[in-house]
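One letter stands for each residue in the lines below.
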Amino acid sequence: MSGADGWDADLLREGLVARDFTDDGVRLRGPVPWRGAGGAEARARVEIEVDERFPFYPPQVRLLDPGAQLEVTFHVDRAARPGVSGNLCLWDDAWPADIAPWTDPDELLSRIAGWLEQTAAGWPGDNVCDLERYLEADPTMFVLYDAENLARLKGHAVRTRRGSTSGTVEVWNTPHRLKKRAGRPGFSRADRQLAWVEDLGQLHRPVRSWADIHDVLGEQAASAEQLIAAGVVNLVLLRYQRGDQQSVLALTVKYAADEIKVRACESADTSSSTRQMRAGTMAPQLADVPIAIVGCGAIGSFTAALLFRAGARRLTLIDHERLRPGNVVRHLAGLEQVGAWKTDAVRNCLTAIDPAIDAVRALTTAMTSADYAKLLVQHHRIVVDATGSARATSMLAFAANTTNAEADKAVVTVCAQRDGDVVRVDRLPARGVEIFLPPLPALDDQNELRENGCGSPISRTPPTAVVAAAELACCVVLDELAGHRKLPTSVAFVSRPQPEQQYTHIGLVLPGSMPQDQVVK
């Protein structure tokens, strides 16, 4: 493919000219036959502009004359300038450029004809909630609201406040009681910068102005209009429904020259259900599963974050160390938390993802006994061992292997070895005839890294290997909790070939891929 001045753009232009379009070198204008209401033949006139994004984007198409009675209620971008129709929305962003049907003149004109026929049939009864596209945009404001709490309000003023980022406005969830000034007209100074919440119900046509909103609300609009005219309300939130989908339209409003001007703002729902929509299909299943993460250093901190993002909420974080400046480069927490216990630092990071962390416990303690390890296993469905400590790992392995098999518990041990060249996860106890990968012995290091005040040598494992290990651990945990149990007891990933025969290639290493005399049963 080439750009707008390339051969594919030339082919489209030539094809349209052959179909009675004129070409002034920038825009092409010509006819599009289509069938209007009742199947009557019509001949629309459109303007097509092939810009520099072609052929990766469709050409811009604007309607000059429908050629028959037509109310444009279907998808159309807002007009670029007064007196000029907006671009028709013919293909959404899901259409890949390697298919690009818009490069074929017949496909393009057929698509335009289809758009006209759909428009003539009326606003479609779909559930696409995109009213913003029909209104002038206000790019200066980003409005945050809680749709679940806002659903209880209708015909109310609510307070707003500045958000934590530039241009962000947060809408409160409780009704605001307006106060008249004693002996003077108007409202008190506290009654400023308010939002008005209203419900438009099921919409059957888009709204493009306050007049359209007034038509839908009828007498209900009077209260809002009074407050907008008084300068008390400068933001309006309109709930509406398309099909079975509900949404909210946020508008800045201003009274001028005896009319209310509206502009659409980008807005977003802050409710918990919306914030969990991208967590994955297992999120509801994970919410009430007790999971302990022993070791909240580099790998443990990212493991906690990934599980929390996936929906796990009953987390127990265990570590006995503080966050040091040298930890930060490969830890979830940043410099602002240096000096905090690692468990508290991780918990604070989780708060930034979702404030609902009441079930996340931070325990500042060490793994000091097998009895403690057994208690952890007994009280959690999964215990993730991210300690990097041979003794702690041995105690947790003992606890896993001595716990009643019927209890359906598991310990998942994760580590990075050979400076992060190999990351490995083991799940215990083994079931039936399952086998483990053999241990990868540590190599002698004559140039150990040491940090002042830190008793143990420092691993050279880079941040990329830390995240890879955490991701592998989460895959094993989710496989276990989903009940799939497709993963074996050991999983390793080699990012740099090692001298040992089973680790000589980059990629995953599983017990079943090794000679039987090299696995541990």
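The structure displayed is predicted, hence computed values, not measured ones.

Re the overall build of the protein
Moving on, step 1. Counting its regular elements, the protein contains twelve helices and 19 strands.
Moving on, step 2. In terms of principal-axis extent, the alpha carbons of the protein reach across some 80 × 75 × 45 Å.
Moving on, step 3. For the protein, restricting intrachain contacts to residue pairs at least 6 apart in sequence, the fraction spanning at least 24 positions comes to 60%.
Moving on, step 4. Entry remark: accessible area of the protein is about 27,000 Å², with carbon and sulfur atoms responsible for 51%.

Considering the UniProt feature "transmembrane region" (unreviewed entry) in the protein
Moving on, step 1. UniProt records the feature "transmembrane region" (unreviewed entry) at residues 289-308, using the numbering of this structure.
Moving on, step 2. In this annotation, residues 289-308 is assigned 55% helix and 20% strand; the end-to-end C-alpha distance for the span is 11 Å.

Some thoughts on the domain arrangement of the protein
Moving on, step 1. Domain parsing of the protein yields domain 1 (9-121), domain 2 (131-269) and domain 3 (276-435 + 450-509).
Moving on, step 2. The C-alpha centroid of domain 3 is placed 46 Å from the C-alpha centroid of domain 2.

Overview of a nonpolar patch on the surface
Moving on, step 1. A cluster of nonpolar residues, Phe493, Ile506, Leu508 and Leu510, forms a patch on the protein surface that exposes about 370 Å² of accessible area.
Moving on, step 2. Tracing the chain through its elements places Leu508 in strand β19 (residues 507-509).

Some details on the packing of aromatic side chains
Moving on, step 1. Within the structure shown, the criterion is met by one aromatic pair.
Moving on, step 2. Here the aromatic rings of Trp91 and Trp102 are separated by 5.4 Å at their centres, their planes lie at 65°, and the arrangement is edge-to-face. Here Trp102 lies in the loop between β4 (60-65) and α2 (105-120) and Trp91 lies in the loop between β4 and α2, a separation of eleven residues in the sequence.
Moving on, step 3. On the basis of relative accessibility, which here comes to 1%, the residue Trp102 falls in the buried class.
Moving on, step 4. Of note, Arg159 hangs over the ring of Trp172, and the distance from its end group to the ring centre comes to 5.2 Å.
Moving on, step 5. In this arrangement the basic side chain of Arg322 is found over the ring face of Trp341, its NZ or CZ atom lying 4.1 Å from the centre.

Some words on the packing of helix α4 (residues 210-217) against helix α5 (residues 221-229)
Moving on, step 1. In the contact formed by α4 and α5, the axes pass within 9 Å of each other and the chain directions differ by 145°. Contacts between α4 and α5 involve Trp210, His214 and Leu217 on the former and, on the latter, Ala221, Ala224, Glu225 and Ile228.
Moving on, step 2. Residue composition of the contact of α4 with α5, by class: five nonpolar, one polar and one charged.

Comments concerning the sheet that holds strand β18 (residues 490-494)
Moving on, step 1. The strand order β14-β13-β12-β15-β16-β17-β18-β19 describes an open sheet built from eight strands, whose pairing is mixed. One side of each edge strand has no neighbouring strand; the edge strands of this open sheet are β14 (361-364) and β19. Along the sheet, successive strands turn relative to each other by an average axial angle of 15°, direction set aside.
Moving on, step 2. As judged from the five bridges shared by strand β17 (residues 422-428) and β18, these two strands associate in the antiparallel manner. Directly across from Arg424, in β18, lies its bridge partner Ala492.
Moving on, step 3. Lying on the sheet, helix α8 (residues 298-309) is in contact with β12 (291-294), β13 (315-319), β15 (382-385) and β16 (410-417); it crosses β12 at an angle near 160°.

Quick look at the environment of Val128
Moving on, step 1. Mapped onto the fold, Val128 is located in the loop between α2 and β5 (137-145).
Moving on, step 2. Looking at Val128, the relative accessible area reads 32%, which means it is partly exposed.
Moving on, step 3. Between the C-alpha atoms of Val128 and Gly243, which are 115 residues apart in sequence, the distance is 8.1 Å.
Moving on, step 4. In contact with Val128, other than residues within four places in its own chain, are His75 and Arg242.

As for the pairing of strand β3 (residues 41-49)
Moving on, step 1. Note that strand β2 (residues 27-35) and β3 share nine bridges and pair antiparallel. Bridged to Arg29 within β3 is Glu47.
Moving on, step 2. Here β2 folds back onto β3 in antiparallel fashion, the turn holding five residues, of which Gly38 has a positive phi close to 75°.
Moving on, step 3. Pairing geometry for β3 and β4, over five bridges, is antiparallel. Directly across from Val46, in β4, lies its bridge partner Leu63.

Basis of the calculations
Residues numbered from 1 in each chain as written. Predicted model: local features only at pLDDT ≥ 70, side-chain atom pairs only at ≥ 80, totals over all residues. Heavy atoms only, no water. Helix = DSSP H or I, 4+ residues; strand = E, 2+ residues; numbered from the N terminus. Contact = heavy atoms within 4.5 Å. Areas by Shrake-Rupley, 256 points an atom, 1.4 Å probe, with all protein chains shown as cover. UniProt positions renumbered as here; feature names shortened; annotations may be inferred. Domains from an automatic or database assignment. Patch = residues over 30% accessible without salt bridge, like charges linked within 9 Å, V, L, I, M, F, W, Y side chains within 5 Å. Salt bridge = Lys/Arg side-chain N within 4 Å of Asp/Glu carboxyl O. Phe/Tyr/Trp six-rings, centres within 6.5 Å; stacked < 30°, edge-to-face > 60°. Buried < 20%, exposed > 50% of the residue type's maximum accessible area, 1.4 Å probe, protein only. Lys NZ or Arg CZ within 6 Å of the ring centre and 35° of its normal. Axes fitted to C-alpha atoms, helices over the stretch in contact; angles between N-to-C directions. Nonpolar A, V, L, I, M, F, W, Y, C, P; charged D, E, K, R; others polar. Pairing = 2+ DSSP bridges.

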